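Structural characterization, general
Listed below, chain by chain, are the residues.
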Amino acid sequence: MRNVDYAKAELSLNRALKLKPDSPETLLLLAQVDSDQMKPVDALDLLVRAHKLAPENTDVIYSLARVSMSQNYY
């Protein structure tokens, strides 16, 4: 993800998500990849799932707010 190789990052994160489907950290990283690729709807979907799993996680809340505000989803 840091090397801007989003296809490889997405593949690895999807594999990790299959191993542990209830991982808010993996969902957050996958949402960041989608957000960087200009897929805000997919990123919002993943962030909502992560927020349901970890409602107190401030990283998820911040990312959810950032993507929502960038797309005018108030």
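Just above sits the structure.
My aim in this report is to walk through the structure given alongside it, one point at a time. (Residues numbered from 1 in each chain as written. Predicted model: local features only at pLDDT ≥ 70, side-chain atom pairs only at ≥ 80, totals over all residues. Heavy atoms only, no water.)

**Notes on the environment of Ser 63**
Tracing the sequence through the fold places Ser 63 in helix H4 (residues 58–70). Relative accessible area serves as the criterion here: at 4%, Ser 63 is assigned to the buried category. For the pair Ser 63 and Val 48, spaced 15 residues apart in sequence, the C-alpha separation works out to 10 Å. (Helix = DSSP H or I, 4+ residues; strand = E, 2+ residues; numbered from the N terminus. Buried < 20%, exposed > 50% of the residue type's maximum accessible area, 1.4 Å probe, protein only.)

**Let's talk about the environment of Arg 66**
Inspection of the secondary structure assignment puts Arg 66 in helix H4. Distance in space between the C-alpha atoms of Arg 66 and Leu 44 is 9.9 Å, their sequence separation being 22 residues.

**Focus: the nonpolar core**
Membership of the largest hydrophobic core comes to 16 residues, with the highest contact counts inside it found for Leu 27, Leu 30, Ala 31, Leu 46, Leu 47 and Val 67. Where this core is concerned, the elements lending two or more residues are helix H1 (6–19), helix H2 (24–36), helix H3 (40–53) and H4. Not counting chain neighbours up to four residues away, the residues in contact with Ala 31 comprise Ala 43, Leu 46 and Leu 47. (Core = buried A, V, L, I, M, F, W, Y, C linked by side-chain atoms within 4.5 Å. Contact = heavy atoms within 4.5 Å.)

**As for the packing of H2 against H3**
Helix packing for two helices is described by the angle between their axes and how far apart those axes are. Where H2 contacts H3, the axes come no closer than 8 Å and their chain directions differ by 165°. In terms of axis orientation, H2 runs roughly antiparallel to H3. For the pair H2 and H3, the crossing hand works out as left-handed. Only Asp 42, Ala 43, Leu 46, Leu 47, Arg 49, Ala 50 and Leu 53 of H3 make contact with H2, whose side of the interface consists of Pro 24, Leu 27, Leu 28, Leu 30, Ala 31, Asp 34 and Ser 35. Grouping the amino acids of the contact of H2 with H3 by side-chain chemistry returns 10 nonpolar, one polar and three charged. (Axes fitted to C-alpha atoms, helices over the stretch in contact; angles between N-to-C directions. Parallel < 35°, antiparallel > 145°, perpendicular 65-115°, else oblique. Left-handed = near helix turned anticlockwise from the far one by under 90°. Nonpolar A, V, L, I, M, F, W, Y, C, P; charged D, E, K, R; others polar.)

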